[in-house]
Amino acid sequence: MKLSVIVPVYNAEKYLRQCLDSLVNQTFSNMEIILVNDGSNDGSGVICEEYCKKYNNVKYIDKRNEGVMAAWIDGAKISEGEYIGFVDADDYCETDRFEQFINSAEKTQADIVIAGHMTIDLNGNISNAVRRGSISPGVYEGEDLEYIKNTYFKESYFSALRWEKITKNELIRRNISSFNTEIALGDDIVFTLATLLDAKKLSVIENDGYYYRYNGNSITHSFSEKRIDELCYLCENINHICKSKGCDAYKDLEFKRQLSVTTTMLISSNKRFFERRKLLKKLRRTDTVKNIFADDKYPIMSVAEKMKLYLLKHKCYTMLIIFAQLKKQINEGARK
């Protein structure tokens, strides 16, 4: 059984060697490593070329910048493995990570194998294992899997992170045409949703040998005005996938979560007060947000999330920003 591991690369020269060393030294040998340089303007491309020349199982794609989803899609299109795994260029793995994945895949013939991860900060401090979700190790198929599909966003069984999984190549290729590459934040969600809804068997294993490097300044933890458009693209893409596969998966709840996240990023940003207020108005006026607010149900959301969305729905922009500033002052005071 062959495995393809795709590494999207963008300006990652600081950590890229650590990432690639952890991959070329994997104990599972029948593995190709596909490096996709997404228009980096640092030394990442040189490092990719170096590893491609040195190791026979390393492939290299050098392309213009189109975003992380377009990068891993380009990698998937040339992949030869029966399964595909992913690693981000500033993260790294234990050397037996993919051997354990493949052992489970061979034993269970699962379409998707899911594991956990560890978090590492920019100072190199490693946290405890992270298990985002309620699912226990084991094999899921039949009625159990159908229940997971139909309630995925409600129950949060496992995270959407693509690098916590290996997935059958055929499931990914089947869905490539339905992925909107304009999505920069949330690509993992549409990837996992589409492949999950096509899967016939899942395997969940005890393995936390992936080290995710938390960067508070990354796109995931900052705000750009483009995020408003990306939220709309993401909701449209989720809706399209669910409709095409005849499964709801509590998508409306996920829309509200994503709106809550976007609102938090906006009001907590370093933009000036009136700029934040202007962007909140723009967000509120989108058809996507209007549709989200057409449903007044907020199941299993926290009181803080419900209040945030209530204020946005009723256009209380100034109050939203003031609450964010008060929360920031309280947090700063607690750290002193």
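All values derive from a computational prediction rather than experimental measurement. (Residues numbered from 1 in each chain as written. Predicted model: local features only at pLDDT ≥ 70, side-chain atom pairs only at ≥ 80, totals over all residues. Heavy atoms only, no water.)

Each helix and strand counted, the chain has 14 helices and 12 strands in total. For the C-alpha atoms alone, the extent of the chain along its principal axes is close to 60 × 50 × 40 Å. In the chain, buried positions account for 52% of the 336 residues. Across the chain, contacts joining residues at least 24 apart in sequence account for 81% of those joining residues at least 6 apart. Distance between charge centroids for the chain: 8 Å, based on 49 positive and 47 negative side chains. (Helix = DSSP H or I, 4+ residues; strand = E, 2+ residues; numbered from the N terminus. Buried < 20%, exposed > 50% of the residue type's maximum accessible area, 1.4 Å probe, protein only. Contact = heavy atoms within 4.5 Å. Lys, Arg positive; Asp, Glu negative; His and termini not counted. Charge placed at Lys NZ, Arg CZ, Asp CG, Glu CD.)

This part takes up the pattern of salt bridges. Oppositely charged side chains can form a pair if their charged atoms are brought close together. For the structure on display, the rule yields 22 salt bridges. Here Asp38 ties to Lys63 by a salt bridge, and the two come within 3.4 Å at their closest N and O atoms. Residue Asp38 is found in strand E2 (residues 31-38), and its partner Lys63 is found in strand E3 (residues 58-63); the two are separated by 25 residues along the sequence. Taking relative accessible area as the criterion, Asp38 reaches 4% and is therefore assigned buried. In this structure, a network of salt bridges that share partners links the residues Asp38, Lys63, Arg64, Glu66 and Asp74. (Salt bridge = Lys/Arg side-chain N within 4 Å of Asp/Glu carboxyl O.)

Going through the model one piece at a time under the given rule, you end up with 13 aromatic pairs. On the numbers, 6.5 Å between centres and 45° between planes, the contact of Phe179 with Phe191 is tilted. One end of the pair, Phe179, is in the loop between helix H7 (169-175) and helix H8 (187-198); the other, Phe191, is in helix H8, and 12 residues separate them in sequence. Note on Phe191: relative accessible area 0%, which makes it buried. Ring centres of Phe273 and Phe274 lie 5.4 Å apart, and the angle between their planes is 80°; on these two criteria the pair is classed as edge-to-face. The class for Phe273 is partly exposed, based on a relative accessible area of 25%. Lying over the aromatic face of Phe86, Arg162 brings its terminal NZ or CZ to 5.8 Å of the ring centre. It is Arg213 that lies over the ring of Tyr15; its NZ or CZ is 3.7 Å from the centre. (Phe/Tyr/Trp six-rings, centres within 6.5 Å; stacked < 30°, edge-to-face > 60°. Lys NZ or Arg CZ within 6 Å of the ring centre and 35° of its normal.)

Turning our attention to a nonpolar patch on the surface. Together, Met319, Ile322, Phe323 and Leu326 make up a nonpolar patch on the protein surface, roughly 350 Å² of accessible area in all. Among the secondary structure elements, Phe323 is positioned in helix H14 (residues 317-335). (Patch = residues over 30% accessible without salt bridge, like charges linked within 9 Å, V, L, I, M, F, W, Y side chains within 5 Å. Areas by Shrake-Rupley, 256 points an atom, 1.4 Å probe, with all protein chains shown as cover.)

On to the packing of helix H10 (residues 251-267) against helix H11 (residues 273-285), then. Interaxial distance between H10 and H11 falls to 10 Å at its minimum, and their mutual angle equals 160°. Looking at the two axes, H10 sits roughly antiparallel to H11. The handedness of the crossing between H10 and H11 comes out as right-handed. Of H11, the residues touching H10 (which contributes Leu259, Thr262, Thr263, Leu266 and Ile267) are Arg276, Leu279, Leu280 and Leu283. (Axes fitted to C-alpha atoms, helices over the stretch in contact; angles between N-to-C directions. Parallel < 35°, antiparallel > 145°, perpendicular 65-115°, else oblique. Left-handed = near helix turned anticlockwise from the far one by under 90°.)

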